[in-house]
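Chain residues, written in single-letter form:
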Amino acid sequence: MTWEIRPLKKRLSGIIHSIRFRLSLWFAAILAVVLLVFSTFVYYRQTQDIYNQAAARLAVRLRDLDLAFRSTYRSINENEWLRVPGRSRDSRFVLTEDEVIILSNRSGQIAMSWGPVTRQDAESLVRLISSWKSDQILRKNLSTGQEGDSKAYLFITAPVGSENRLLGWVTMGVPMDPENLLPRLLWTLIFGGLFTLLVALAGGYWLADRALQPVKTVTRTAQVISATDLSRRLNIHTQDELGELAGTFNQMLDRLQAAFDRQRQFTADASHELRTPLTIIGLETGRALSGSRSIEDYQHALEVIQSENESMSRLVGELLTLARMDAGQIQVKLEPLDLSDLALEVLERFAPLAEQKEIQLQAGELPEIPIEGDRQYLLQMIGNLVDNAIKYNTKGPEQWVRVETGIDSNPARPAAWVRVSDNGPGIAPEHIPHLFDRFYRVDSARSRNPGDPETGEIIPGSGLGLSIVQWIAHIHSGEVCVTSEPGKGTIFEARLPLAAG
């Protein structure tokens, strides 16, 4: 029994704490308030209508009674008028069973009474005569003979006599609701309202469950998604808020999948890039230790090890830079700078490398261009562009790399730009969209020296330089674009905002 009760309690607890149940309760509560206001208004209006009808009926009956008295009191003495109206066959007034008539003399003492009224109620009514105005209607509950049961009556009092002769007072009452319409209406409103609330609660729960069905789909999908399986998507194509939520969730999954794919690719590429120099270092070390070697062999092995160590140091440095970039741990120190001075400094630094590769390193127009930025990172950005242009260019006296700066003439968005161009082999159009991806390397026409058509010299590089260039441009609120045509060279242009003022 305990094992059967616990799942039931858990299920009930889940239903009570669910959003659809709370939505149903809120819906039922709002509907209950609306029904209460509506029922109160209906009951009040019906009460007023019944009261007005009873008051009109009372006025008509009092008029009939007055006509009956007028036909008799002129020919009788003061005490003979105190008789039951309507008892004679020729009387114009006939008293019904539920009507009340109380006759009192001029001093206010009860003389006679007819109808379902007790002596105590009659005396209570007469005591109020002195405070009534003529033709003023009074509402009072009278006992109907059953214990605790009473009925609402409307009473009105009027004098009996002529203009110069007052015989006494007559008080007449009629039931306000002789057919008991108000109690039936009240119970109808109560039971109808309760039934409506129950139907609304059940229907609201069903509608809420149906409306929140996509949320269950989101929950189930989120439960089966893991870091190794991000391919699942939500097939919810409605035009409401839940459809928008599903679209946002799918976009988030797309970004997560892309991020995990980049991470896996990043790890694989980094492992590959590190494995190559480590393998070369291991081979050279094993060869040097395998037996007696000449000094030249040892020197060559050390040179190879040193070269690979430098490559690994550069790669590790670039990886650390990218990791800090992704983590937002790099702080940019903005200071006033001249973009042309930075370009000249980069040209001086890479002049020996260009000379070694027999490439002309040219300085184009370098006007004074004020900007604000981080000097170290901007030098790295321009340096990476120049380094790429030199490495991937062809040896020869006619090959050149040009660096120039300028200001965009567009008045709507003025910007400074630094442009690095070359007349090398160029880049195929299918590679351009991926140039700034991490570890992306273009085919052999770009990654090997085309001067040696047989094998060519493998150009060192990790494929991270342009990613760092793009990041540096973005943190300076700039952008990098590239235009290239195979066989005609490549142009990289970094655009940066001008200094304020």
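A brief report on the enclosed structure follows. Note that this is a predicted model, so its numbers are computed, not measured. (Residues numbered from 1 in each chain as written. Predicted model: local features only at pLDDT ≥ 70, side-chain atom pairs only at ≥ 80, totals over all residues. Heavy atoms only, no water.)

**With respect to the overall build of the protein**
The secondary structure content of the protein amounts to eleven helices and twelve strands. Put simply, the protein has 501 residues, and 35% of those count as buried. Considering only contacts within the protein whose residues lie at least 6 apart along the sequence, 64% involve residues at least 24 apart. When the accessible surface of the protein is split by element, carbon and sulfur atoms take 55% of a total near 30800 Å². (Helix = DSSP H or I, 4+ residues; strand = E, 2+ residues; numbered from the N terminus. Buried < 20%, exposed > 50% of the residue type's maximum accessible area, 1.4 Å probe, protein only. Contact = heavy atoms within 4.5 Å. Areas by Shrake-Rupley, 256 points an atom, 1.4 Å probe, with all protein chains shown as cover.)

**A look at the pattern of salt bridges**
Counted by the stated rule, this structure contains eight salt bridges. A salt bridge links Glu99 to Arg61; the shortest N-O distance between them is 2.7 Å. Placement of the pair is Glu99 in the loop between helix 2 (19–70) and strand 1 (100–104) and Arg61 in helix 2, with a sequence separation of 38 residues. Accessibility expressed as a relative area gives 6% for Glu99, which makes it buried. One network of salt bridges, in which partners are shared, links Asp408, Arg419, Glu493 and Arg495. (Salt bridge = Lys/Arg side-chain N within 4 Å of Asp/Glu carboxyl O.)

**Here we look at a nonpolar patch on the surface**
The grouping of Leu186, Trp187, Ile190, Phe191 and Leu194 at the surface amounts to a nonpolar patch, some 510 Å² of accessible area in total. As for its placement among the helices and strands, Phe191 is situated in helix 4 (residues 181–211). For Phe191, a relative accessible area of 53% corresponds to the exposed category. (Patch = residues over 30% accessible without salt bridge, like charges linked within 9 Å, V, L, I, M, F, W, Y side chains within 5 Å.)

**Things to note about the side chain of Glu308**
Topologically, Glu308 is positioned in helix 7 (residues 295–327). Once residues within four sequence positions are removed from consideration, Glu308 is found in contact with Pro277, Ile280 and Ile281.

**With respect to the environment of Val160**
Along the chain, Val160 falls in strand 4 (residues 150–162). It is 9.7 Å that separates the C-alpha atoms of Val160 and Ser104, two residues lying 56 residues apart in sequence.

**Observations concerning the side chain of Ser467**
Considering the arrangement of structural elements, one finds Ser467 in helix 11 (residues 465–475). Within the structure, the side chain of Ser467 is placed 2.8 Å from the backbone oxygen of Phe436, a separation counted as a polar contact. (Polar contact = N/O pair within 3.5 Å; in protein donor to acceptor, adjacent residues only side chain to side chain.)

**Structural notes on the sheet that holds strand 11 (residues 479–485)**
What the five strands build is an open sheet, ordered 7-9-10-12-11; its pairing is mixed. Looking at the sheet topology across the chains shown, the edges are occupied by strand 7 (360–363) and strand 11. On average, each strand axis in the sheet is inclined to that of its neighbour by 15 degrees, with strand direction left out of account. As paired elements, strand 11 and strand 12 (residues 489–497) share seven bridges and run antiparallel to each other. (Pairing = 2+ DSSP bridges. Axes fitted to C-alpha atoms, helices over the stretch in contact; angles between N-to-C directions.)

**Here's the deal with the packing of helix 8 (residues 339–356) against helix 9 (residues 375–391)**
Between helix 8 and helix 9, the shortest axis-to-axis distance is 9 Å and the interhelical angle comes to 40 degrees. Put simply, helix 8 runs oblique to helix 9. For helix 8 against helix 9, the interelement crossing comes out right-handed. Only Arg375, Leu378, Leu379, Ile382, Gly383, Val386, Asp387 and Ile390 of helix 9 make contact with helix 8, whose side of the interface consists of Leu339, Leu342, Ala343, Glu345, Val346, Arg349, Phe350, Leu353 and Ala354. Across the contact of helix 8 with helix 9, the residue classes break down as twelve nonpolar, one polar and four charged. (Parallel < 35°, antiparallel > 145°, perpendicular 65-115°, else oblique. Left-handed = near helix turned anticlockwise from the far one by under 90°. Nonpolar A, V, L, I, M, F, W, Y, C, P; charged D, E, K, R; others polar.)

**Focus: helix 4**
With 31 residues, helix 4 extends 42 Å between its outermost C-alpha atoms, agreeing within 8% with the 45 Å of an ideal straight helix rising 1.5 Å per residue. Listed in full, the buried residues belonging to helix 4 are Leu182, Leu189, Gly193, Ala200, Gly204 and Ala208. (Expected span 1.5 Å × (residues − 1).)

**Quick look at the packing of aromatic side chains**
Remark: the centre distance and the inter-plane angle together describe each pair of aromatic rings, the angle taken between the planes. Under the defined criterion, the tally for this structure stands at three aromatic pairs. For the ring pair Trp187 and Phe191, a centre distance of 5.6 Å and an interplane angle of 25 degrees mean the geometry is stacked. Placement of both Trp187 and Phe191 in helix 4 is noted, with a separation of four residues, approximately one turn of the helix. Relative to Trp471, the ring of Tyr377 lies with its centre 5.6 Å away and its plane at 80 degrees, an arrangement referred to as edge-to-face. Within this pair, whereas Tyr377 is found in helix 9, its partner Trp471 is found in helix 11, the two being separated by 94 residues in sequence. With relative accessibility at 17%, the residue Tyr377 sits in the buried group. Among the residues examined, Trp471 registers a relative accessible area of 16% and is labelled buried. (Phe/Tyr/Trp six-rings, centres within 6.5 Å; stacked < 30°, edge-to-face > 60°.)

**A short note on unusual backbone geometry**
With a phi close to 60 degrees, Glu358 is a non-glycine residue in the positive phi region. Turning to its location among the elements, Glu358 is positioned in the loop between helix 8 and strand 7. On the basis of relative accessibility, which here comes to 49%, the residue Glu358 falls in the partly exposed class. The backbone phi angle of Ser477 is positive, close to 60 degrees, even though this residue is not glycine. Inspection of the secondary structure assignment puts Ser477 in the loop between helix 11 and strand 11.

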